[in-house]
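Each chain, written out:
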Amino acid sequence: MLCRSKHIAALLVISGFFYLIFLWEKFRKDFYIPPPFEECLDSCIVSTQPVDGEIEHGRIQDLLDLREVVAHNGVRSNPWKECPVPGRGRESTFITAQVIGRLGNVVWSYLSVVATAKQYKLRPVIDKASIDFLKKMGFKESSLRVPSVEWLDRKCGMNGWLVRTYADGAVVLNEKRDLFLSLEQPPTEGYAMLSYHYYASNAEEIIPIWSDIRKELVLRDKYTLNARRSLDEMKKKHLKGLVGSVDPEFVGLHVRRTDYLRHLSIVHPNGMVASPKYYHTAMDWLKKQVDRSLIFIVISDDPKWAETEIVDRRSDAYLPGEYTNKNKHVLFTC
C-alpha cells in the first residue's frame, strides 16, 4: 500500500507541477502570492483570494491543492474578508460562535456560522484558535474562508472592538427565536454581533444548502485520497463472492460512547445511550428503504465495543483503522 501511495503521489505531483506552470502564466497578473509563508498566514491582505497563504515552500500537497483552490474561488475576492461598513443592517451584523470542545464541536460551530451567514446575508467571523485547530486537523486553508476575529479587527482598524465584543458583548443565541428577533432589529449605525452559545449544531440551516456549504471545509488531498483507497478496499471485500450485486452505497455510522456516557447522565439523568439492538434495528430499517446494497462504515471512540456489538455481528459493516481483526478492518493510515 505504501508503494502504491508513493506512485500515486508522484504522478499527482508531476501533473500538478505542469498545471502550476500553466496557471502561473495565465493568471500571474491577477495573483498575489505572499512572499514568506510564515509571515503571511495571519497578516497579509490577499485581494484576489485564490491562494490566500495556501502556497508554502516545499509542501507537495499545496501543489495538489492549487487547482482546487482556483476552481473553488476563481480570481474573485472573498467578501467576508473585506472591511465592513457600519450602519448597513445585516451587512454590518457579525455572526460567530463561542467554540468549546473537540473536533466535532469545532466543525459544527464553523459550519453553523457559515450557513447562517449565507442564509441571512451576515458577516461570519470566528476565533483564531478554532481556525488554527482546523488547519492542524488537516483542512485546507483555502477552504477556511471565514476570517478570524483578531485578523479582521487588525486589518480594518477596529481598535479591538471586534475582539472585545466577541469575548464579552455579543448577543447570545440560545435558541432559534433569538436569531430571528435579532434580525428584526439590524443596526442602523455601528455594528452588531450575534453569537451561538457554546458549540452550535444548527442542522436546520446547514442541510438545505449542504451541496454548497460542503465546499467551505475541505480536507487536504492526502487524506481524501487515502480514505478513498480504504473505501475501495472495503467495497472489494464486501463484494467478494457475491453474485449479481449492484454497486453499493456507503453509509457512515457514528457511535459515540466514552465521555458521552457521563455527559448524558448529567444532561438527561434518566436517559440511556443507544443499545446494540437500536443500531441494528436502524441499519436494517435503512436497508429496506433503499433499492441498493449498503455498506456501513462504523466510526467510534470506543472501537472495541463497536467491533464486538456491531461489526462482528454483521456482514455489511466495517470498522476502519488499525485493529486486530484484519478481515473486517481496513487501514486508514498512510
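For the chain, the name recorded in an unreviewed UniProt entry is L-Fucosyltransferase, with Cloeon dipterum as its organism. Looking at the chain in UniProt, the text filed under Subcellular location (unreviewed entry) is "Golgi apparatus, Golgi stack membrane". In its Pathway (unreviewed entry) section, UniProt records this for the chain: "Protein modification; protein glycosylation."

1. As for helix 4 (residues 103–120)
Given a rise of 1.5 Å per residue, 18 residues ought to cover 26 Å, and the 26 Å separating the end C-alpha atoms of helix 4 matches this to within 8%. When we look at burial in helix 4, the residues that qualify are Val106, Val107, Ser109, Tyr110, Leu111, Ser112, Val113, Val114, Ala115, Thr116, Ala117 and Tyr120. Of the residues flanking the end of helix 4, it is Lys121, one or two places downstream, whose phi is positive at about 60°.

2. Describing the environment of Gly87
Inspection of the secondary structure puts Gly87 in the loop between helix 3 (60–73) and strand 1 (93–97). What makes Gly87 partly exposed here is its relative accessible area of 26%. Sequence separation between Gly87 and Pro186 is 99 residues, and the spatial gap between their C-alpha atoms is 8.5 Å. Once residues lying within four places of it in the same chain are set aside, the contact partners of Gly87 are Ser92, Pro187, Thr188, Glu189 and Gly190.

3. Some remarks on the state of the cysteines
What the rule picks out here adds up to 1 disulfide. Between the sulfur atoms of Cys83 and its disulfide partner Cys156 the distance amounts to 2.2 Å. Disulfide Cys83-Cys156: the torsion about the S-S bond is -95°, which places it as left-handed. Remark: Cys156 occurs in the loop between helix 6 (149–155) and helix 7 (161–168) and Cys83 occurs in the loop between helix 3 and strand 1; sequence separation between them is 73 residues.

4. Focus on the sheet that holds strand 7 (residues 317–318)
Within the open sheet, the 3 strands sit side by side as 5-6-7. Their pairing is parallel. A strand with exactly one partner marks an edge of an open sheet, and here the two such strands are strand 5 (249–255) and strand 7. Pairing of strand 6 (residues 294–300) with strand 7, which is carried by 2 bridges, proceeds in the parallel orientation. The partner of Ile297 across the bridge, within strand 7, is Tyr318.

5. Overview of the sheet that holds strand 2 (residues 123–124)
A sheet is described by the order of its strands in space; here 4 strands give the open sequence 2-1-4-3, paired in parallel fashion. Each of the sheet's edge strands pairs with one partner strand only, and the pair in question is strand 2 and strand 3 (171–173). Of the pairings in the sheet, the one linking strand 1 to strand 2 comprises 2 bridges and is parallel in character. Opposite Ile95, over in strand 2, you have Pro124 as the bridge partner. On the sheet, helix 8 (residues 176–183) packs against strand 3 and strand 4 (192–196) and is oriented at approximately 140° with respect to strand 3.

6. Focus on unusual backbone geometry
Despite not being glycine, Lys121 shows a phi value in the positive range, around 60°. Mapping Lys121 onto the fold places it in the loop between helix 4 and strand 2. Even without being a glycine, Asn159 presents a positive backbone phi close to 55°. Inspection of the secondary structure puts Asn159 in the loop between helix 6 and helix 7. A relative accessible area of 68% places Asn159 in the exposed class.

7. Digging into the packing of aromatic side chains
Geometrically, a pair of aromatic rings is defined through the distance of the ring centres and the angle of the planes. As enumerated under the stated definition, the model contains 6 aromatic pairs in all. Taking the centre distance of 6.4 Å and the plane angle of 45° together, the rings of Phe94 and Trp161 count as tilted. You can see Phe94 sitting in strand 1 and its partner Trp161 sitting in helix 7, a full 67 residues away along the chain. On the basis of relative accessible area, Phe94 is assigned to the buried category, the value being 0%.

8. Observations concerning the pattern of salt bridges
Taken as a whole and judged by the stated rule, the model has 17 salt bridges. Two residues, Arg145 and Glu216, come together in a salt bridge whose shortest N-O distance is 3.1 Å. Taken together, the residues Arg145 in the loop between helix 5 (128–136) and helix 6 and Glu216 in the loop between helix 10 (210–213) and helix 11 (221–239) connect sequence positions 71 residues apart. Side by side, Arg145 and Glu216 carry an identical accessibility label, which is buried. For the salt bridge of Arg257 with Asp302, the shortest nitrogen-to-oxygen distance reads 3.3 Å. Of this pair, Arg257 sits in the loop between strand 5 and helix 12 (258–267) while Asp302 is found in the loop between strand 6 and helix 14 (303–309), placing the two residues 45 residues apart along the sequence. We classify Asp302 as partly exposed; its relative accessible area is 21%. Residues participating in the shared-partner salt-bridge network are Lys118, Arg145, Asp212 and Glu216.

Quick notes on the rules
- Residues numbered from 1 in each chain as written.
- Predicted model: local features only at pLDDT ≥ 70, side-chain atom pairs only at ≥ 80, totals over all residues.
- Heavy atoms only, no water.
- UniProt positions renumbered as here; feature names shortened; annotations may be inferred.
- Helix = DSSP H or I, 4+ residues; strand = E, 2+ residues; numbered from the N terminus.
- Expected span 1.5 Å × (residues − 1).
- Buried < 20%, exposed > 50% of the residue type's maximum accessible area, 1.4 Å probe, protein only.
- Contact = heavy atoms within 4.5 Å.
- Disulfide = S-S within 2.5 Å.
- Pairing = 2+ DSSP bridges.
- Axes fitted to C-alpha atoms, helices over the stretch in contact; angles between N-to-C directions.
- Phe/Tyr/Trp six-rings, centres within 6.5 Å; stacked < 30°, edge-to-face > 60°.
- Salt bridge = Lys/Arg side-chain N within 4 Å of Asp/Glu carboxyl O.

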